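Examining the three-dimensional arrangement
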Amino acid sequence: MMPSGPLPRACWTSFISLLLVCCLLPPGTQGQEFQLRVEPQNPVVPAGESLLVNCSTDCPSAELISLETSLLKESVGSGLGWAAFQLSNVTGDTQLLCSGFCNGFQMIGFSNITVYRFPERVELAPLPRWQPVGENLTLRCMVSGGAPRDHLTVVLLREEEELGRQPAGDGEPAEVTVTVLASRDDHGANFSCRTELDLRSQGLGLFQNSSAPRKLRTFAMPMTPPRLVVPRFSEVETSWPVDCTLDGLFPASEAQVQLALGDQMLNATVVSHGDTLTATATAKAEQESTQEIVCNVTLGGESRETRGNVKAYSFQGPNLTLREPNATEGTTVTVTCAAGPRVRVTLDGVPAAAPGQPAHLQLNATAKDDRRTFFCNATLEVHGVILHRNRSVQLRVLYGPKIDRAKCPQRLTWKDRTMHILQCQARGNPNPKLQCLQEGSMFKVPVGIPFLVRLNYSGTYYCQAASSRGMDVLTVMMDVQGRNPIAITIVLGVLTILGLVILAAALVYVFGVQKRRDIYHVRQSSTRLPLAPEQPDEAAAVELS
């Protein structure tokens, strides 16, 4: 049964060849062989190109040389024993058959045309947006077109590293896959595929076509949640720190972090170091409540989250007040310490009746109470923890000047021309001005600083401490004694006698030294050996009898 539709080109070529060999040869001559050459022999040409084919023989009487093919052909010349044909638009593999007659016998020759074409599409299938480290990654390369397929190979690459190669096969489009284990080193690497059409055995070259590269991003996300560090409780309208950390993250710098307090997103500062990611922020609760804080870390489409609770409390006070901050001596002073609800206050060690109630203290102001400090301590219990807060206030009592009798002697005896300090002090609020004036002359002697005492300083002094609250006066007697003349005369006499004694001793010492330096003579006529000093105008000698 004949198949319906047009015959394929390869079938048509085989049918023509069989018809010429089996039917056109005269009976009894089918076995006779004649040489008919077809050039080029088994050519490999690019698709769509033209090809010049020459059919030739050595038979001198060759005739009716023709070319049988399904391609478009045009005779471009002939001669004795040859004929040339131009083939156009060679798009597929085909067989050429040259035939002719020599002396009534038919000659035939064959040549197979192989057409090559480069792939129309070489594409690496899209990579995952994020690839987990340690999991298999399948690379797919799609190839459309390209011939001959038995000479076409597909290579998959990581940068320039060859991951695998396979024949393209007969599928259209051809799909070649390679599976690799993703690692951290693959993060940011370019992957691609390349086709290699190897026609070197046909005298041509190695033709390569590459796909556009695709960049892979790998990631590692730990199974543990982030560490969230927040206070257990915080005061309303008071900022407090939030710290969220996750270790074992890769690449940590590309992770996204969200910090939220309730439905309020916090402005986080994110810092990565190695495989550790840290996000910090400040938060503030606006009302008393237990609020949830969330830390969410996202990378590669995976998330890790930690939640915590913060108790927001209100600690009002304590407020410490004086009804009269500047009280007059002898008046009643009221001190009050108050705080908010649930807060217990203690004023100078005396607690309030109950939490939330104030504590009071009353006193009659005296000079000793000036600059007295009152302390108020407030406590609040939050989640079993006692919180403390303190306040203090200082009382000023207004009172008149007072000179300290114990530190200001009323009678002084000093020597003339000696240095002394008049030690007198006065206190009062406001601070008084202290001065000591001599009776009669109103001479003012310095107070509290050294000065040279003179004879005319003797007398009675009125030391006055004055301020806007009044005056205090203390009488001081100063007796300045002059030097004794008799004592001075005795001292001068003793010094004179001592000087004479020293002078006499010096003369005796000088005379003794001079005597030891003299030269003496020995007289021969005497039985004694008297010593006589040598005359200054005579030569030194020893007389002999």
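Notes on the structure follow. (Residues numbered from 1 in each chain as written. Predicted model: local features only at pLDDT ≥ 70, side-chain atom pairs only at ≥ 80, totals over all residues. Heavy atoms only, no water.)

**Points about the overall build of the chain**
We apply this condition: In this text, helices come from DSSP runs of H or I with a minimum length of four residues, and strands from runs of E with a minimum of two, each type numbered from the N-terminal end. The rule is simple: take the accessible area with a 1.4 Å probe, protein chains only, and divide by the maximum for that residue type; under 20% is buried, over 50% is exposed, in between is partly exposed. The contact criterion used is simple: two residues touch if any of their non-hydrogen atoms lie within 4.5 Å. Each accessible area is a Shrake-Rupley result for a 1.4 Å probe, and residues are judged covered by the shown protein chains and nothing else.
A count of helices and strands for the chain gives two helices and 44 strands. A total of 545 residues make up the chain; the buried ones form 36% of that total. Pairs at least 24 apart in sequence give 61% of the contacts found in the chain among residues at least 6 apart. Summing over all exposed atoms, the chain offers an accessible surface of approximately 32,100 Å²; the carbon and sulfur share of this is 53%.

**Here we look at the environment of Ser78**
Mapped onto the fold, Ser78 is located in strand E5 (residues 72–79). Of the residues examined, Ser78 reaches a relative accessible area of 56% and is grouped as exposed. Taking the C-alpha atoms as reference, Ser78 lies 8.6 Å from Ile65; in sequence the two are 13 residues apart.

**Comments concerning the pattern of salt bridges**
To be explicit about the condition: Whenever a carboxyl oxygen of Asp or Glu lies within 4 Å of a side-chain nitrogen of Lys or Arg, that contact is scored as a salt bridge.
Under the definition given, this model contains 25 salt bridges. Note that Glu288 and Arg342 form a salt bridge whose closest N and O atoms lie 2.9 Å from each other. One end of the pair, Glu288, is in the loop between strand E24 (276–283) and strand E25 (289–299); the other, Arg342, is in the loop between strand E29 (332–338) and strand E30 (344–347), and 54 residues separate them in sequence. On the basis of relative accessibility, which here comes to 47%, the residue Arg342 falls in the partly exposed class. The shortest N-O distance in the salt bridge between Arg307 and Glu292 comes to 2.8 Å. Here Glu292 lies in strand E25 and Arg307 lies in strand E26 (residues 302–313), a separation of 15 residues in the sequence. Through salt bridges that share partners, Glu162, Arg165, Arg194 and Glu196 make up one connected network.

**A short note on the nonpolar core**
Cut-off, in case you're wondering: As used here, the term nonpolar core means buried Ala, Val, Leu, Ile, Met, Phe, Trp, Tyr and Cys residues forming a set that is joined through side-chain atoms within 4.5 Å.
Grouped together as the largest cluster of nonpolar side chains are 27 residues, with contacts concentrated most on Tyr313, Phe315, Val333, Val335, Val345, Leu347 and Leu395. Breaking this core down by element, the ones donating at least two residues are strand E27 (319–322), E29, E30, strand E32 (359–364), strand E33 (372–382) and strand E34 (385–403). A total of five residues in this core trace back to one element, the largest contributor, which is E33. Contact partners of Val335, with chain neighbours within four places excluded, come to Leu320, Thr321, Leu322, Leu347, Ala359, His360, Leu361, Leu363 and Phe374.

**Points about the side chain of Ser111**
How we decide: Contacts described as polar in this section are N or O atom pairs within 3.5 Å, which, within protein, must combine one atom able to donate a hydrogen with one able to accept it, while residues neighboring in sequence count only if both atoms come from side chains.
Tracing the backbone shows Ser111 in strand E8 (residues 105–124). A residue is classified by how much of its surface remains accessible, and Ser111, at 0% relative accessible area, is buried. Reaching out from Ser111, the side chain makes a polar contact with the backbone oxygen of Pro40 at a distance of 3.0 Å. Residues in contact with Ser111, not counting those within four places in the same chain, are Val38, Pro40, Gln41, Asn42, Pro43, Thr94, Gln95 and Leu96.

**Looking at the sheet that holds strand E41 (residues 459–467)**
Stated formally: Any two strands between which DSSP finds at least two bridges are classified as paired.
The strand order across the open sheet built from five strands is E35-E42-E41-E38-E39, with neighbouring strands paired in mixed fashion. Because the sheet does not close on itself, it has two edges, and the strands there are strand E35 (411–415) and strand E39 (444–445). Two strands pair when backbone bridges link them, and E41 and strand E42 (residues 470–481) are joined in this way by nine bridges, in the antiparallel orientation. Considered in E42, the bridge of Thr460 is made with Met477.

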